[in-house]
Amino acid sequence: MDVERESPDGCQNNFNSEENNESDFDYGPSKLGTKEFWEASYKKELETFKDIGDVGEIWFGEESMKRVLRWMDEAKIPENAAILDIGTGNGAFLLEMAKHGYRNLTGVDYSASSVELAKNVLQAEDLTDVTVKEMDFLNCDGKLKGFDVCIDKGTFDAIILNPDNFNDGKKLYIQSLKEALKCDGFFAITSCNWTREQLLDRFSEGFEFVQELPTPRFQFGGKTGNAVTALIFKRVH
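Predicted model only: the values in this text are computed from it and were never measured.

What am I meant to see in the packing of helix 1 (residues 35-52) against helix 4 (residues 112-124) here?
To describe two helices that pack against each other, one gives the angle between their axes and the distance between the axes. The geometry of helix 1 relative to helix 4 is characterised by a closest axis approach of 7 Å and an angle of 25 degrees between their N-to-C directions. Judged by the inter-axis angle, helix 1 sits roughly parallel to helix 4. For the crossing formed where helix 1 meets helix 4, the hand is left-handed. Touching Glu-39, Tyr-42, Lys-43, Glu-45, Leu-46, Phe-49 and Lys-50 of helix 1 are Ala-112, Ser-113, Ser-114, Glu-116, Leu-117, Asn-120, Val-121 and Ala-124, all from helix 4. Its residues assigned to classes, the contact of helix 1 with helix 4 comprises 7 nonpolar, 3 polar and 5 charged.

How should the packing of aromatic side chains be read in this particular structure?
In this description, an aromatic ring pair is defined by two values, namely the gap between the centres and the angle between the planes. Taken as a whole, this structure holds 13 aromatic pairs when the rule is applied. Between Phe-187 and Phe-203, the ring centres sit 5.2 Å apart and the planes meet at 50 degrees, which makes this aromatic pair tilted. Of this pair, Phe-187 sits in strand 8 (residues 181-191) while Phe-203 is found in the loop between helix 7 (196-202) and strand 9 (207-213), placing the two residues 16 residues apart along the sequence. Grouping residues by exposure puts Phe-187 and Phe-203 together as buried. On the numbers, 5.8 Å between centres and 85 degrees between planes, the contact of Phe-203 with Phe-207 is edge-to-face. The burial state of Phe-203 is the same as that of Phe-207; both residues are buried. Ring-pair connections join several aromatic residues into one group, and the members of that group are Phe-137, Phe-156, Tyr-173, Phe-187, Trp-194, Phe-203, Phe-207, Phe-209 and Phe-233. The aromatic ring of Phe-93 is capped on one face by Lys-153, whose charged end is 5.9 Å from the ring centroid. Between the NZ or CZ atom of Arg-235 and the centre of the ring of Phe-207, over which it lies, the distance is 5.8 Å.

What am I meant to see in helix 4 here?
Within an α-helix, residues lying three or four positions from one another point in the same direction, as the helix has 3.6 residues per turn. Helix length check: helix 4, at 13 residues, gives a terminal C-alpha distance of 18 Å against a target of 18 Å (1.5 Å per residue), a fit within 8%. The set of residues buried in helix 4 consists of Ser-113, Ser-114, Val-115, Leu-117, Ala-118, Val-121 and Leu-122. Immediately downstream of helix 4, the backbone of Asp-126 shows phi near 60 degrees, a positive value.

So what exactly am I meant to see when it comes to the pairing of strand 8 here?
Regular strands have side chains that alternate between both faces of the sheet. Of all 11 residues in strand 8, 8 are buried, a share of seventy percent or more. The sheet contact formed by strand 7 (residues 147-153) and strand 8 spans 6 bridges and is parallel. When the sheet's bridge partners are listed, Ile-151 is paired in strand 8 with Ala-188. In this sheet, strand 12 (residues 229-235) lies alongside strand 8 in antiparallel orientation, the contact comprising 6 bridges. Within strand 12, the position partnered with Phe-186 by the bridge is Lys-234.

Which parts of the structure should I look at to understand the nonpolar core?
Most often, soluble globular proteins have nonpolar side chains that are buried together. Of all hydrophobic cores here, the largest spans 37 residues; its most connected members are Trp-71, Met-72, Ile-83, Met-97 and Ile-151. Mapped by element, the contributors of at least two residues to this core are helix 1, helix 2 (62-74), helix 3 (92-99), helix 4, strand 7, strand 8 and strand 12. Considering every element that reaches this core, the biggest residue donor is helix 3, with 6 residues. Once residues within four sequence positions are removed from consideration, Trp-71 is found in contact with Ile-77, Val-149, Phe-186, Gln-211, Leu-213 and Ile-232.

Thresholds applied
Residues numbered from 1 in each chain as written. Predicted model: local features only at pLDDT ≥ 70, side-chain atom pairs only at ≥ 80, totals over all residues. Heavy atoms only, no water. Axes fitted to C-alpha atoms, helices over the stretch in contact; angles between N-to-C directions. Helix = DSSP H or I, 4+ residues; strand = E, 2+ residues; numbered from the N terminus. Parallel < 35°, antiparallel > 145°, perpendicular 65-115°, else oblique. Left-handed = near helix turned anticlockwise from the far one by under 90°. Contact = heavy atoms within 4.5 Å. Nonpolar A, V, L, I, M, F, W, Y, C, P; charged D, E, K, R; others polar. Phe/Tyr/Trp six-rings, centres within 6.5 Å; stacked < 30°, edge-to-face > 60°. Buried < 20%, exposed > 50% of the residue type's maximum accessible area, 1.4 Å probe, protein only. Lys NZ or Arg CZ within 6 Å of the ring centre and 35° of its normal. Expected span 1.5 Å × (residues − 1). Pairing = 2+ DSSP bridges. Core = buried A, V, L, I, M, F, W, Y, C linked by side-chain atoms within 4.5 Å.

This is the structure in structure tokens:
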């Protein structure tokens, strides 16, 4: 049985208040930002998948995938569009996009166990034409280019938890994203650690804000906010 979470354990800022407009938070380091943590996690999920066919946790839950797919339908993203899933994890979103009809899909993750798991999940559904690569998005050396759409569900969140490259990681991420996306290509990001205002600030250079996707809203302590933020950007000159 898949685990659905709108606000996963990797979130350090689980309540994105409308009043919380600071550019950055002082999150501090966490094991959730390390490659070792994710390698161990996906190794365990790989063993579970081989034993009982459970793909593991759906990061941000199934609704987060449906939310982006609805936008892709509304934006009329063609089925042959080149789509990159950044930090693909168990490949669940690649699987959903393939079932939705998209045919030119690539997923990357720096965890070898993640890549093996994703390939196993896709092969179990006879989806052998989906590309999954072991690659660190922050250090891809220009090997990822020409994508019409790039999608991130939680990878940018994890970067800020890395104890070694908080500032460098954010810069490298944006540089790699600019290289990967075609001009006028779209970037869809789902985050629980960054508010709308923070993401708008972070991706203000080289990207144009397109729209915010609706996510559940609630009130707590007299404040209104979202546990998750989902934004769409367009790559500009």
